[in-house]
Amino acid sequence: MAKKKLVVLSGAGVSAESGFSTFRDNDGLWDRYDPQDVATPEGWQRNPKYVLDFYNGLREQLRDAKPNQAHRIIAELEKDYEVTVITQNVDNLHERAGSTRIIHLHGEATKVRPEVGVYEQSGSEREVFDIGYDKIEIGDKAPNGKQLRPHIVWFGEAVPKIEAAIDEVAKADIFVIVGTSLTVYPAAGLYRYVGPKVPIYIIDPQSVAIHDNRTTHIREVATEGMNSLRKILENG
Ligand code: OAD
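## A short note on the site of the ligand
In step 1: Taken together, 23 residues surround the ligand, and among them F23, R24, T180, S181 and D204 come closest.
In step 2: Between the ligand and R24 there is a distance of 2.7 Å, counted from an oxygen atom to a side-chain nitrogen or oxygen.
In step 3: Residue T180 places a side-chain N or O atom 2.7 Å away from an oxygen atom belonging to the ligand.
In step 4: Within the complex, the protein chains bury 93% of what would otherwise be the 800 Å² of accessible surface of the ligand.
In step 5: The class makeup of the residues in the shell around the ligand is 10 nonpolar, nine polar and four charged.

And the structure:
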């Protein structure tokens, strides 16, 4: 029998127990950094070195971090389900935990691309390079001679993977939202594409802005919440 399709939408909260700050909780990243400076094309134009240093720091933290139990349970669900992870996170902890189908809606910290290139016009991945945990400095150029920039979707930029994400959500038999405040669109609107009879599970210690009577809110941190969800699915 074909496996049921389980789609996970994850956000910063799933990586919190791996040591990463979320963005909007108290003392979150956006308390310490102005998103206008590090997450917009205008911030990049004003001070590219500051932006590179921010993502260099993130890559360094990522090199030393480990996936947590929540990432691992999501990966283990592939034994029983056809799992797709749609993540807003730019870390690589889902893949390091073993998940095999991942859509990175907001880009990837371990990748770079030329600041002006084919990508802007076409969304092509041809000019995207994997740099692992290396630092990028001013003067580091792509083969087309342009300065390299982080492969991150900044505020005000298109989200090229959103169509692929919508297709996955529309085909889901079970939809799971974990560790996201659902404040950033278009990711925050993805749940609207879930089929009418499909259950939606939310794992978050705080309330989440979603009003849909199919939702079950598991008010726990990601590791405990994914464990609870696994039990619910086993008994369901
Ligand atoms: P937020 O910081 O907006 O939301 C994090 C969510 O995780 C909140 O709902 C918290 O209650 C929850 N949370 C905190 N600790 C948790 C834990 N241990 N387990 C489970 N949940 C926990 O982060 P996102 O929704 O991911 O975009 O933010 C979306 C986007 O905004 C990010 O991708 C980023 C940011 O600007 C870009 O940088 C382009």
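## A word on the pairing of strand β4 (residues 107-114)
In step 1: Here β4 lies mainly inside the structure; eight of its eight residues are buried.
In step 2: In the sheet, β4 pairs with strand β6 (residues 148-152) via five bridges, with the strands oriented antiparallel. Pairing of R113 across the sheet is with R149, part of β6.
In step 3: Summarising the sheet, β4 and strand β5 (residues 129-130) pair through two bridges and their orientation is antiparallel. Considered in β5, the bridge of V112 is made with F129.

## Topic: the side chain of H151
In step 1: Turning to its location among the elements, H151 is positioned in strand β6.
In step 2: Residue class for H151 comes out buried when judged on its relative accessible area of 4%.

## Re helix α4 (residues 48-64)
In step 1: Taking 1.5 Å of rise per residue, 17 residues should cover 24 Å, and α4 covers 25 Å from first to last C-alpha, within 8% of that figure.
In step 2: Regarding α4, the residues found buried are V51, L52, F54, Y55, N56, L58, R59 and L62.
In step 3: Contacts made by the buried residues of α4 are with α1 (29-32), α2 (35-38), α3 (41-46), α6 (93-97), β4 and β6.

The rules behind the values
- Residues numbered from 1 in each chain as written.
- Predicted model: local features only at pLDDT ≥ 70, side-chain atom pairs only at ≥ 80, totals over all residues.
- Heavy atoms only, no water.
- Near = heavy atom within 4 Å.
- Polar contact = N/O pair within 3.5 Å; in protein donor to acceptor, adjacent residues only side chain to side chain.
- Areas by Shrake-Rupley, 256 points an atom, 1.4 Å probe, with all protein chains shown as cover.
- Nonpolar A, V, L, I, M, F, W, Y, C, P; charged D, E, K, R; others polar.
- Buried < 20%, exposed > 50% of the residue type's maximum accessible area, 1.4 Å probe, protein only.
- Helix = DSSP H or I, 4+ residues; strand = E, 2+ residues; numbered from the N terminus.
- Pairing = 2+ DSSP bridges.
- Expected span 1.5 Å × (residues − 1).
- Contact = heavy atoms within 4.5 Å.

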